[in-house]
Amino acid sequence: QVQLVESGGGLVQPGGSLSLSCAASESISNIEQMGWYRLAPGKQRELVAGITNDNFTDYIDSVRGRFTISRDNAKKMLFLLMNSLKPEDTAVYYCNKIAGRYWRWGQGTQVTVSS
């Protein structure tokens, strides 16, 4: 069973930046699509950014232009650079596959945007 460990979250003021990391216990090089998801209180988990093995990226409209997803297959890691953060970005952030059966969800990393 693949283990996912997310890190890098924290408390930041509106307009600030955070850089999230996700470490997988096994290779992700054969996983075509990886993504970052978030779960906010009272809402369903949503996919916010995705990346293919060809480094094609896509984002939901609310984060496009502010968030940047990247991957390092050799290091078995996924990254999310978040700029110009807004209070509505507050959530627990997770990484996982996009297509096919999900791996077991990690503990996530809490991002809180507040003044």
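Shown above is the structure to which this text applies.
Every value quoted in this text rests on a predicted model; they were computed, and no experiment measured them.

J.: How do you make sense of the environment of Leu-39 when you look at a structure like this?
T.: As for its position among the elements, Leu-39 is in strand S4 (residues 33-39). According to the relative accessible area criterion, Leu-39 is partly exposed, its value standing at 30%. Once the C-alpha coordinates of Leu-39 and Lys-97 are considered, the two residues, 58 residues apart in sequence, prove to be 16 Å apart. Look past the residues within four positions of Leu-39 in its chain and what remains in contact with it is Gln-44, Arg-45, Ala-91, Val-92 and Tyr-94.

J.: Quick question: what am I supposed to make of unusual backbone geometry here?
T.: A positive phi is found at Lys-76, a non-glycine position, where the angle reads about 60°. Turning to its location among the elements, Lys-76 is positioned in the loop between strand S7 (67-72) and strand S8 (77-82). When its relative accessible area of 29% is taken as the criterion, Lys-76 is described as partly exposed. The backbone phi angle of Ser-84 is positive, close to 50°, even though this residue is not glycine. Mapped onto the elements of the fold, Ser-84 is located in the loop between S8 and strand S9 (91-97).

J.: Mind showing me how you'd approach the pairing of strand S5 (residues 46-52) here?
T.: The two faces of a sheet get side chains in turn, since along a regular strand they alternate between them. In terms of residue burial, S5 counts as a mostly covered element, since 5 of its 7 residues are buried. Pairing of S4 with S5 involves 6 bridges; the strand directions are antiparallel. Within S5, the position partnered with Gln-33 by the bridge is Thr-52. The antiparallel pairing of S4 with S5 creates a hairpin that spans 6 residues between the two strands, and Gly-42 there sits at a positive phi of about 75°.

J.: For this particular structure, what's the right way to read the environment of Thr-68?
T.: With respect to the helices and strands, the residue Thr-68 is situated in strand S7. Considered as a pair, Thr-68 and Thr-57 are 11 residues apart in the sequence and their alpha carbons are 8.4 Å apart. Not counting chain neighbours up to four residues away, the residues in contact with Thr-68 comprise Tyr-59, Phe-79, Leu-80 and Leu-81.

J.: I tried to follow the side chain of Lys-97 on my own but got confused; where do I start?
T.: Secondary-structure assignment places Lys-97 in strand S9. Among buried Asp, Glu, Lys and Arg side chains, Lys-97 stands out as unpaired, with Glu-26 the closest opposite charge at 9.4 Å. In terms of polar contacts, Lys-97 uses its side chain to reach the backbone carbonyl oxygen of Arg-101, at 2.8 Å. Ignoring anything within four residues of it in the chain, the contact list for Lys-97 reads Ile-31, Gln-33, Met-34, Tyr-37, Tyr-102 and Trp-103.

J.: Would you mind showing me how to read the nonpolar core here?
T.: Among soluble globular proteins, nonpolar side chains are generally buried collectively. Counting residues in hydrophobic clusters, the biggest one holds 29 residues, and the most contacted among them are Trp-36, Phe-67, Ile-69, Leu-78, Leu-80, Met-82 and Tyr-93. Elements with a minimum of two residues in this core: strand S3 (18-24), S4, S5, S7, S8, S9 and strand S10 (109-113). For this core, the element with the most residues is S3, which contributes 4 residues. Those residues in contact with Tyr-93, other than ones at most four positions away along the chain, are Glu-6, Leu-20, Trp-36, Tyr-37, Arg-38, Phe-67, Leu-80, Met-82, Gly-108, Thr-109 and Val-111.

Scoring rules and cut-offs
Residues numbered from 1 in each chain as written. Predicted model: local features only at pLDDT ≥ 70, side-chain atom pairs only at ≥ 80, totals over all residues. Heavy atoms only, no water. Helix = DSSP H or I, 4+ residues; strand = E, 2+ residues; numbered from the N terminus. Buried < 20%, exposed > 50% of the residue type's maximum accessible area, 1.4 Å probe, protein only. Contact = heavy atoms within 4.5 Å. Pairing = 2+ DSSP bridges. Lys, Arg positive; Asp, Glu negative; His and termini not counted. Salt bridge = Lys/Arg side-chain N within 4 Å of Asp/Glu carboxyl O. Polar contact = N/O pair within 3.5 Å; in protein donor to acceptor, adjacent residues only side chain to side chain. Core = buried A, V, L, I, M, F, W, Y, C linked by side-chain atoms within 4.5 Å.

Any functional reading would require information that these geometric values do not contain.
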